[in-house]
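A structural walkthrough
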Number of protein chains: 2
Amino acid sequence: MGQADVETAISELRDLLGPRLSVARPDREAHAGSETWHSAAPPDAVAWPESTAEVAAILRICYARDLPVIAWGTGTSLEGHALAPLGGVSLDMSRMDRVLEVRPEDMLAVVQPGVTREALNVELRATGLFFPVDPGANASLGGMAATRASGTTTVRYGSMRDNVLGLEAVLSDGRIIRTGSRAAKSSAGYDLTALLLGSEGTLGIITELTLRLHGQPEEIASAVCAFPGLDDAVNCVIATIQSGIPMARIEFVDEATARAFNLYAGTQLPEKPHLMIEFNGSATGVAEDAARFGEIAAEFGGVDFDWTTSPEARARLWKMRHGAYPACLALRPGATAMVTDICVPISRLAEAVAETRADIDAAGMLGPILGHVGDGNFHAILLIDPDQSEDLARAKRISARLAERALRMGGTITGEHGVGIGKRHLMQAEHGEGWQVMGAIKEALDPKNILNPGKLVP
Amino acid sequence: MGQADVETAISELRDLLGPRLSVARPDREAHAGSETWHSAAPPDAVAWPESTAEVAAILRICYARDLPVIAWGTGTSLEGHALAPLGGVSLDMSRMDRVLEVRPEDMLAVVQPGVTREALNVELRATGLFFPVDPGANASLGGMAATRASGTTTVRYGSMRDNVLGLEAVLSDGRIIRTGSRAAKSSAGYDLTALLLGSEGTLGIITELTLRLHGQPEEIASAVCAFPGLDDAVNCVIATIQSGIPMARIEFVDEATARAFNLYAGTQLPEKPHLMIEFNGSATGVAEDAARFGEIAAEFGGVDFDWTTSPEARARLWKMRHGAYPACLALRPGATAMVTDICVPISRLAEAVAETRADIDAAGMLGPILGHVGDGNFHAILLIDPDQSEDLARAKRISARLAERALRMGGTITGEHGVGIGKRHLMQAEHGEGWQVMGAIKEALDPKNILNPGKLVP
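Residues numbered from 1 in each chain as written. Chains lettered and ligands numbered in written order. Predicted model: local features only at pLDDT ≥ 70, side-chain atom pairs only at ≥ 80, totals over all residues. Heavy atoms only, no water.

This brings us to the domain arrangement of chain A. As far as domains go, chain A holds domain 1 (3-94), domain 2 (96-215), domain 3 (219-326) and domain 4 (332-430). On a C-alpha basis, the centres of domain 1 of chain A and domain 3 of chain A stand 42 Å from each other. (Domains from an automatic or database assignment.)

Okay, structure coming up:
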């Protein structure tokens, strides 16, 4: 790809899109960054398509001219997925933001990729249904699909893998495919839906999603509970899962995170490990679940229990939890962060968190730990001064040890944040020959390597 | 592949496997057939590997000599998946039948592919856990994974797609890959586990599975209930799903199937549409669910309700349901069957079943209808006299109209039986360009087309 090719392609894209194609520096810079430590990498141009046909036309141009294409949702990913290290066109999907169809009787919705999860749930409010996957950020559903997002509700409702019935996607050469169907299941060949979910824009650009909806629970009860130690909190979760109590959310925060909340959000949590729990169900079911959980928690020293079914109190709780990232950043003014993301079998979770805490303390870093403890998934928010290169190096060492720990314990290097740029160097260690298989699939579907190049695959 | 190559390969395989390689006619014929109308197609030889390393060695030989390799589980698939229309080696996995590890605290088990679902559940009995996927036949777990099996419990526990955490598989050239992990979730790249599930042995030979287990329910209640008409039964199911009552199984059988049960199993069901229902949970939860379901069923004219929590009565019920295929075959002595398998959005189910019933009646055929109504998936068992070619032609016309109907309604040509030989001609209609993508993936991973050739892909 020479500079001439880039200019020709951009000129052709301008003919197609008019003012919805920009090479202006502010637009490029707005599509160059991420919320974490990755260096900005601006694209050559930004395009705002409004239809699948336009996405296909854009890809035909870029395919002919070998120009990289990187989809952009809301820019909230943490591993640099949407950066443009090799230039190209950033495909901003924010104008494809329509809810195309809601079918309550089939408990599904069809949406364009730029719809955010919160916008969809506002639209669904009157139907008695909701879309449960909740990664914290108000991400676009296309981005959530491309990164196989999960989050606080995954312990009950699953991740994007479990809640996407089908996709429409545009391949690198502009061909359009539709995967899955509106039926609840299928065994008609390779699961292309699952292949695209988590492919991070390297195999195709998602232009439509058929989503599985769930009934809004009759009652929701939530609580925060402090524990004497990390082990107690984690063992309480294991015992709860094994007893079959269906938790809708079960989140862990450590004492450092509790302190961050207190400083940032004005809460008055004891500086101890906490669980944040939610139950969904019928009024009697939720009461029964909460009572049984309370008994288990008491066995592990859980205190300061305060159940509530008040929507306002619940909203405050999850707003606090979802605000953990800025709260932790505020512990060190001017800091950015590396956010780790391993996921291990739950029997190894307490050990994994304790070893990680010891690593962080030994390095003399600030690094609150929190996570989706019901899935065995936790994050350390390693605070970095962007002007101190030794900070980044220390964080990278801790992160490498975390990855090694996850694999040793039978887990994964990334539970939900994905690969992007940040985790690519760990893929060989996790997948071995399987990573070469991913590369072979990539080459078969994107032979010119124009779709989000430099990410995920070898 | 010439005859000489075949003989060389078989001689090399004999050197490797000794008596666990057979070219004897009875062995070849035992791996040539299926339970339905597909013509027998014997392999050139049958191999019984005992380890992953042996499978890899077999594949290296077959890859070098271009010899087809077809995995064989228990031979219970319905679309000719395991036939050898192009010859080659049938890889009988029945000697790889060990449960390698059970980890109750992580609710997972690691098994070899020849373990059957019943054998695994016997092994799990004392742990308080079970593996829920139940396609009826006592199939091998490797075969169930390769075909992405589901069945009566899928409405509650999901299909193989939802209950396989990871796989080990041997690629066509003998390379071994491991997919997934023991963690509850991962976003580390392409979902190779999901890609292999349902790939029907065309991408790799599954040699190990990590399975998600579930807690044995404290209480199980089941019942049979007759309805005045098809619509009433289906609408009862839709209302139940929308009310959020968690059914563990919800099966539909039509009047013809009820008659078949009465004749074959000596039951005395009214010759009407029936639902067979099961609830799993705590004793109070199950009682509450059953009561709520009873109210809904009554609104739709459901009668003859008889709840039971007796294990013996329940075993009789599901034995009867799982015996539907031989019971229906017995309606026409000497018959074989074509078993259709569409799956539609549940809002279209009553219409789809009614149109299918009209088609079958208009053709003057015997064809009981039954299905996993909670998933929108139903089967017509079209009885065929193998000596009358017009019978097969009529069944194929009905089946073609079913596929067209499924796609028109937003569903799929196969909910759970897979593609194999029988549904390959319908793949283009369902997937369009997506089928070519499946072909591109197949070519990337099996460039010599030795893995189950003639199935699934273009």
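Having seen it, we continue.
Here we come to the environment of A:Ala327. Residues and elements named next belong to chain A. As for its placement among the helices and strands, Ala327 is situated in helix α13 (residues 324-329). Overall, the relative accessible area of 1% leaves Ala327 in the buried class. Apart from residues lying up to four places away in sequence, Ala327 is in contact with Ala260, Phe261 and Tyr264. (Helix = DSSP H or I, 4+ residues; strand = E, 2+ residues; numbered from the N terminus. Buried < 20%, exposed > 50% of the residue type's maximum accessible area, 1.4 Å probe, protein only. Contact = heavy atoms within 4.5 Å.)

Now for the sheet that holds strand β2 (residues 45-47) of chain A. Residues and elements named next belong to chain A. Across the sheet, four strands lie side by side as β1-β2-β4-β3; this open sheet has mixed pairing. The open sheet terminates on both sides in strands that have one partner only, identified here as β1 (21-22) and β3 (69-72). Sheet analysis places β2 next to strand β4 (residues 89-92), joined by three bridges and oriented parallel. Across the sheet, residue Val46 finds its bridge partner in β4, namely Ser90. The strands touched by helix α3 (residues 52-65) are β2, β3 and β4; relative to β4, the strand with the most contacts, the crossing angle is about 175 degrees. (Pairing = 2+ DSSP bridges. Axes fitted to C-alpha atoms, helices over the stretch in contact; angles between N-to-C directions.)

Before going further, it helps to examine the interface of chain B and chain A. Each partner contributes residues to the interface: chain B has 76 residues there, and chain A has 75 residues. Both sides together, the interface formed by chain B and chain A hides about 5600 Å², and carbon and sulfur atoms give 56% of it. Where chain B meets chain A, there are eight salt bridges. A:Glu416 is paired through a salt bridge with B:Lys185; the nearest N and O atoms lie 2.9 Å apart. Among the elements of the structure, α7 (160-163), β9 (176-180), α8 (192-196), α9 (230-242), α11 (283-299), α16 (427-431) and α17 (433-445) of chain B are those that each provide at least two residues to the side of chain B that touches chain A. Examining the composition of the side of chain B that touches chain A, we find that 10 residues originate from one element, α17(B), more than from any other. (Buried area = accessible area lost by both parts, 1.4 Å probe. Salt bridge = Lys/Arg side-chain N within 4 Å of Asp/Glu carboxyl O.)

Overlay of chain B on chain A (RMSD 0.0 Å): rotation 180 degrees, translation along the axis 0.0 Å. The symmetry that links the two subunits is that of a two-fold axis. Taken together, the interface assignments show that 99% of the residues at the interface of chain B recur at the interface of chain A, consistent with an identical surface on both copies. (Least-squares fit on C-alpha atoms with pLDDT ≥ 70 in both.)

Oppositely charged side chains may form a pair once their charged atoms are brought near each other. Under the counting rule described, the total for this entry stands at 71 salt bridges over all chains. A salt bridge links A:Arg394 to A:Asp391; the nearest nitrogen and oxygen atoms lie 2.6 Å apart. Here the residue A:Arg394 and the residue A:Asp391 both occupy positions in helix α15 (residues 389-408), the gap between them amounting to three residues, near one helical turn. Residue classification places A:Asp391 among the buried residues on the basis of a relative accessible area of 1%. Between B:Lys442 and B:Asp446 there is a salt bridge, with its nearest N and O atoms 2.6 Å apart. Judged by its relative accessible area of 6%, B:Lys442 falls in the buried class. Under the relative-accessibility criterion, B:Asp446 is labelled buried at 1%. Each of A:Glu355, A:Asp359, A:Arg401, A:Glu404, A:Arg405 and A:Arg408 takes part in a single network of salt bridges with overlapping partners.

Residues and elements named next belong to chain A. Strand order in the open sheet formed by five strands is β5-β6-β10-β8-β9, and the pairing between neighbours is antiparallel. Here the strands that pair on one side only, and so sit at the sheet edges, are β5 (99-103) and β9 (176-180). Neighbouring strand axes in the sheet, compared pairwise and without regard to direction, differ in orientation by 10 degrees on average. Taken together, the six bridges between strand β8 (residues 164-170) and strand β10 (residues 205-212) define a ladder with antiparallel strand orientation. Within β10, the position partnered with Val170 by the bridge is Ile205.

Turning next to the UniProt feature "domain: FAD-binding PCMH-type" (unreviewed entry) in chain A. UniProt annotation of "domain: FAD-binding PCMH-type" (unreviewed entry) refers to residues 39-216 of chain A when read in the numbering used here. The span residues 39-216 of chain A shows a helical share of 23% and a strand share of 25%, and its end C-alpha atoms are spaced 41 Å apart. (UniProt positions renumbered as here; feature names shortened; annotations may be inferred.)

It is at 9 Å that the axes of helix α17 (residues 433-445) of chain A and α17(B) come closest, and there the two elements cross at 135 degrees. Here α17(B) runs oblique to α17(A), going by the angle between their axes. Note that α17(A) runs across α17(B); the crossing there is right-handed. Counted together, A:Val437, A:Ala440, A:Ile441, A:Ala444 and A:Leu445 of α17(A) and B:Val437, B:Ala440, B:Ile441, B:Ala444 and B:Leu445 of α17(B) form the full contact between these two elements. (Parallel < 35°, antiparallel > 145°, perpendicular 65-115°, else oblique. Left-handed = near helix turned anticlockwise from the far one by under 90°.)

Another point: a negative patch on the surface. Taken together, the side chains of A:Glu218, A:Glu288, B:Glu218 and B:Glu288 define an acidic patch exposed on the protein surface. On the secondary structure map, A:Glu218 appears in the loop between β11 (214-215) and β12 (219-226). (Patch = residues over 30% accessible without salt bridge, like charges linked within 9 Å, V, L, I, M, F, W, Y side chains within 5 Å. Areas by Shrake-Rupley, 256 points an atom, 1.4 Å probe, with all protein chains shown as cover. Lys, Arg positive; Asp, Glu negative; His and termini not counted. Charge placed at Lys NZ, Arg CZ, Asp CG, Glu CD.)

Residue and element names in this part refer to chain A. Contact geometry for helix α14 (residues 349-362) and α15: axes closest at 11 Å, N-to-C directions at 160 degrees. The angle between α14 and α15 places the two elements in the roughly antiparallel class. Handedness of the α14/α15 crossing: right-handed. Facing α14, whose interface residues are Ala352, Glu355, Thr356, Asp359 and Ile360, α15 presents Ile398, Arg401, Leu402, Arg405 and Arg408.

Before going further, it helps to spend a moment on the nonpolar core. A:Phe131, A:Ile441, B:Phe131 and B:Ile441 are the most contacted members of the largest nonpolar core, which has 88 residues in total. Setting aside anything within four residues of it in sequence, one finds A:Ile441 in contact with A:Leu195, A:Leu203, B:Tyr190, B:Leu192, B:Leu195, B:Ile441 and B:Leu445. (Core = buried A, V, L, I, M, F, W, Y, C linked by side-chain atoms within 4.5 Å.)

Turning our attention to the side chain of A:His214. Residues and elements named next belong to chain A. Tracing the chain through its elements places His214 in strand β11. Its relative accessible area of 18% is what places His214 among the buried residues. At 2.7 Å, the side chain of His214 and the side chain of Asn163 are in polar contact. Sequence-distant contacts of His214, that is, excluding residues within four places in its chain, are made with Met107, Gly128, Leu129, Phe130, Pro132, Tyr157 and Asn163. (Polar contact = N/O pair within 3.5 Å; in protein donor to acceptor, adjacent residues only side chain to side chain.)

All names here are of chain B. For Thr207, the location among the structural elements is in strand β10 (residues 205-212). Polar side-chain contacts of Thr207 include one of 2.7 Å to the side chain of Glu168. Once residues within four sequence positions are removed from consideration, Thr207 is found in contact with Thr52, Val55, Met96, Gln112, Pro113, Glu168, Ala169 and Val170.

A word on the pairing of strand β6 (residues 108-111) of chain A. All names here are of chain A. Residues of β6 alternate between two faces, with Leu108 and Val110 on one and Ala109 and Val111 on the opposite face, all of them buried. Adjacent in sequence and paired antiparallel, β5 and β6 are bridged by four residues, among which Met107 carries a positive phi angle near 50 degrees. Across four bridges, β6 lies against β10 in antiparallel orientation. By the bridge assignment for β10, Val111 is matched with Leu209.

For the rest of this paragraph, the subject is α14(A). All names here are of chain A. Its 14 residues place the ends of α14 20 Å apart at the C-alpha level, agreeing with the 20 Å of an ideal helix rising 1.5 Å per residue. Leu349, Ala350, Ala352, Val353, Thr356, Asp359 and Ile360 are the residues of α14 that are buried. For α14, the elements touching its buried residues are α9 (230-242), β13 (249-253), β17 (369-372), β18 (377-384) and α15. Looking one or two places after α14, you find Gly364, whose phi comes out positive at around 70 degrees. (Expected span 1.5 Å × (residues − 1).)

Attention now moves to unusual backbone geometry. Residues other than glycine seldom take positive phi values, yet A:Glu200 does so here, at roughly 55 degrees. Within the secondary structure, A:Glu200 is located in the loop between α8 (192-196) and β10. Phi is positive for B:Arg148, which is not a glycine, with a value near 50 degrees. Residue placement: B:Arg148 occurs in the loop between α5 (141-146) and α6 (154-157). We classify B:Arg148 as buried; its relative accessible area is 6%.

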